[in-house]
Amino acid sequence: MSEPTPPKIEFPCDYVIKVIGDAAPDFIEFVVSVVEGHAPGISDGDITVNDSSKGRFCSVSLKIVATGEPQLQALFEELKASGRVHMVL
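## Quick notes on helix 1 (residues 27–38)
With 12 residues, helix 1 extends 17 Å between its outermost C-alpha atoms, agreeing within 8% with the 16 Å of an ideal straight helix rising 1.5 Å per residue. Within helix 1 the residues assigned to the buried category are Phe27, Phe30, Val31, Val32, Val34 and Val35. Against the buried residues of helix 1 lie strand 1 (13–22), strand 2 (47–51), strand 3 (57–66), helix 2 (69–81) and strand 4 (85–88).

## Thoughts on the nonpolar core
Core analysis: the largest hydrophobic core is formed by 22 residues, its most contacted members being Ile17, Val19, Phe27, Val31, Leu62, Ile64 and Leu75. Breaking this core down by element, the ones donating at least two residues are strand 1, helix 1, strand 3, helix 2 and strand 4. Per element, the largest residue contribution to this core is 6 residues, and it comes from helix 1.

## Focus on helix 2
For helix 2, built from 13 residues, the straight-helix expectation of 18 Å at 1.5 Å per residue is met to within 8% by its first-to-last C-alpha distance of 18 Å. Every buried residue of helix 2 is listed here: Gln71, Leu72, Leu75, Phe76 and Leu79. For helix 2, the buried positions fall inside an angular range of 125° around the axis, keeping them on one side. Seen from the open side of helix 2, the exposed residues pointing more than 90 degrees away from its buried face are Pro70, Lys80 and Ala81. Tucked inside the fold, the buried residues of helix 2 contact strand 1, helix 1, strand 3 and strand 4. In the stretch just after helix 2, glycine 83 is the one whose phi turns positive, near 80°.

## A look at the pattern of salt bridges
Opposite charge on two side chains lets them pair, provided their charged atoms get close. Overall, the coordinates contain 1 salt bridge when judged by the stated rule. A salt bridge links arginine 84 to aspartate 26; its shortest N-O distance comes to 2.7 Å. Residue arginine 84 is found in the loop between helix 2 and strand 4, and its partner aspartate 26 is found in the loop between strand 1 and helix 1; the two are separated by 58 residues along the sequence. Judged by its relative accessible area of 39%, aspartate 26 falls in the partly exposed class.

The rules behind these values
Residues numbered from 1 in each chain as written. Predicted model: local features only at pLDDT ≥ 70, side-chain atom pairs only at ≥ 80, totals over all residues. Heavy atoms only, no water. Helix = DSSP H or I, 4+ residues; strand = E, 2+ residues; numbered from the N terminus. Expected span 1.5 Å × (residues − 1). Buried < 20%, exposed > 50% of the residue type's maximum accessible area, 1.4 Å probe, protein only. Contact = heavy atoms within 4.5 Å. Core = buried A, V, L, I, M, F, W, Y, C linked by side-chain atoms within 4.5 Å. Arc of directions from axis to C-beta. Salt bridge = Lys/Arg side-chain N within 4 Å of Asp/Glu carboxyl O.

See below:
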């Protein structure tokens, strides 16, 4: 039995990234700053923020224009390497 191949993404395209980390006063600004470094041109309308029910975690969703796999890989790696991010989806 062969493994199913994941759907191929055609670049450039709109791409939503969700970043989850500990809630902190500067977490949103940190995430936006890192993402802007890889995908400039994010507007306020492209950002959605949700706090967990107890306020311990924060999720930031951002819509970017993805230009290719290397861009996404570098973005995910920088966010994860920060130590502030628990998960990137």
